[in-house]
Amino acid sequence: MALSNLAGYERLSLHNLRLQKAYRAGTGDRLEAAWTDLGDSADTHHYAVLDLKSSSGSSRDLLLDVLFRENVFARRYFWPGCHRSAPYSDAPHPPLHVTERLAGSLLQVPTGVQLSEPDAKAIGECLAFCLAHARQIEEKIREATESR
């Protein structure tokens, strides 16, 4: 598979880089998050990951819920952390505070040729809107869930 995809590597890498820039354009300065660095020319930009810097992960999980309802298949990145997965979860280990924080705050949004730059910008705008209105959205989701 790697050899068959090698011919399109450059095109896909540039497309994913444009998507990440479109995500950033959509979120603008309204989103207090750290996107992964775009500076490495060797990077394929295969993943678009942002760190919501939430200790509880509730903002990230709220975004996942809203994005899923909008047919955007984002996911938790680096979750639950290797130390919580079998077979490592049974082994003793020291506290992994940084890993726990990252496992609770990283969000991966879609990349790839199935996504256009305007779509990525719209998803970025949705992210920024959701974080700006998180309390109201959580309340509406709770009300909708309770009324079922």
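Preceding block: the structure.
Residues numbered from 1 in each chain as written. Predicted model: local features only at pLDDT ≥ 70, side-chain atom pairs only at ≥ 80, totals over all residues. Heavy atoms only, no water.

Chemist: Which residues make up the side chain of aspartate 51, and what values do they have?
Modeler: With respect to the helices and strands, aspartate 51 occurs in strand S2 (residues 48-51). Polar contacts involving the side chain of aspartate 51 include one to the side chain of arginine 101, which spans 3.0 Å. Here serine 105 takes part through its side chain, which lies 2.7 Å from a polar atom of the side chain of aspartate 51. (Helix = DSSP H or I, 4+ residues; strand = E, 2+ residues; numbered from the N terminus. Polar contact = N/O pair within 3.5 Å; in protein donor to acceptor, adjacent residues only side chain to side chain.)

Chemist: If you had to explain unusual backbone geometry to someone new, which residues and values would you point to?
Modeler: Look at the link from tryptophan 79 to proline 80: it is a cis peptide, with omega at 10°. Looking at where proline 80 falls in the secondary structure, it is placed in the loop between strand S3 (75-76) and helix H4 (97-105). Residue proline 87 follows alanine 86 across a cis peptide bond; omega there is 0°. Among the secondary structure elements, proline 87 is positioned in the loop between S3 and H4. Phi at asparagine 71 takes a positive value of approximately 65°, unusual for a residue other than glycine. Among the structural elements, asparagine 71 can be located in the loop between helix H3 (58-69) and S3. Even without being a glycine, phenylalanine 78 presents a positive backbone phi close to 60°. In this fold, phenylalanine 78 is placed in the loop between S3 and H4.

Chemist: Describe the nonpolar core, listing the residues and the values that go with them.
Modeler: Proteins that are soluble and globular tend to have nonpolar side chains buried together. Membership of the largest hydrophobic core comes to 23 residues, with the highest contact counts inside it found for Tyr23, Leu67, Leu107, Val109, Ile123 and Leu127. Listing elements by their share of this core, those giving two or more residues are helix H2 (9-27), S2, H3, strand S4 (106-109), helix H5 (117-132) and helix H6 (134-146). Considering every element that reaches this core, the biggest residue donor is H3, with five residues. (Core = buried A, V, L, I, M, F, W, Y, C linked by side-chain atoms within 4.5 Å. Buried < 20%, exposed > 50% of the residue type's maximum accessible area, 1.4 Å probe, protein only.)

Chemist: Lay out the state of the cysteines with the relevant residues and their values.
Modeler: Each disulfide consists of one covalent bond between the sulfur atoms belonging to two cysteines. Applying the stated criterion across every chain, the model contains zero disulfides. Here cysteine 126 is not cross-linked by a disulfide; its sulfur's nearest cysteine counterpart is in cysteine 130, at 3.9 Å. Given a relative accessible area of 3%, cysteine 130 falls into the buried group. (Disulfide = S-S within 2.5 Å.)

Chemist: Lay out a nonpolar patch on the surface in plain terms, naming residues and giving numbers.
Modeler: On the surface, Leu3, Leu6 and Tyr9 cluster together into a nonpolar patch covering about 350 Å² of accessible area. Its location among the elements puts leucine 3 in helix H1 (residues 2-6). (Patch = residues over 30% accessible without salt bridge, like charges linked within 9 Å, V, L, I, M, F, W, Y side chains within 5 Å. Areas by Shrake-Rupley, 256 points an atom, 1.4 Å probe, with all protein chains shown as cover. Salt bridge = Lys/Arg side-chain N within 4 Å of Asp/Glu carboxyl O.)

Chemist: Talk me through the pattern of salt bridges; I want residue IDs and the actual numbers.
Modeler: Tallied over the entire structure, the rule returns five salt bridges. We note a salt bridge from arginine 18 to glutamate 117, for which the minimum N-O separation is 3.3 Å. Taken together, the positions of arginine 18 in helix H2 and glutamate 117 in helix H5 put the pair 99 residues apart, joining distant regions of the chain. Ionic pairing is found between arginine 84 and glutamate 100, a salt bridge with its closest N-O pair at 2.8 Å. Taken together, the residues span a long stretch of sequence, with arginine 84 in the loop between S3 and H4 and glutamate 100 in helix H4 at a distance of 16 residues.

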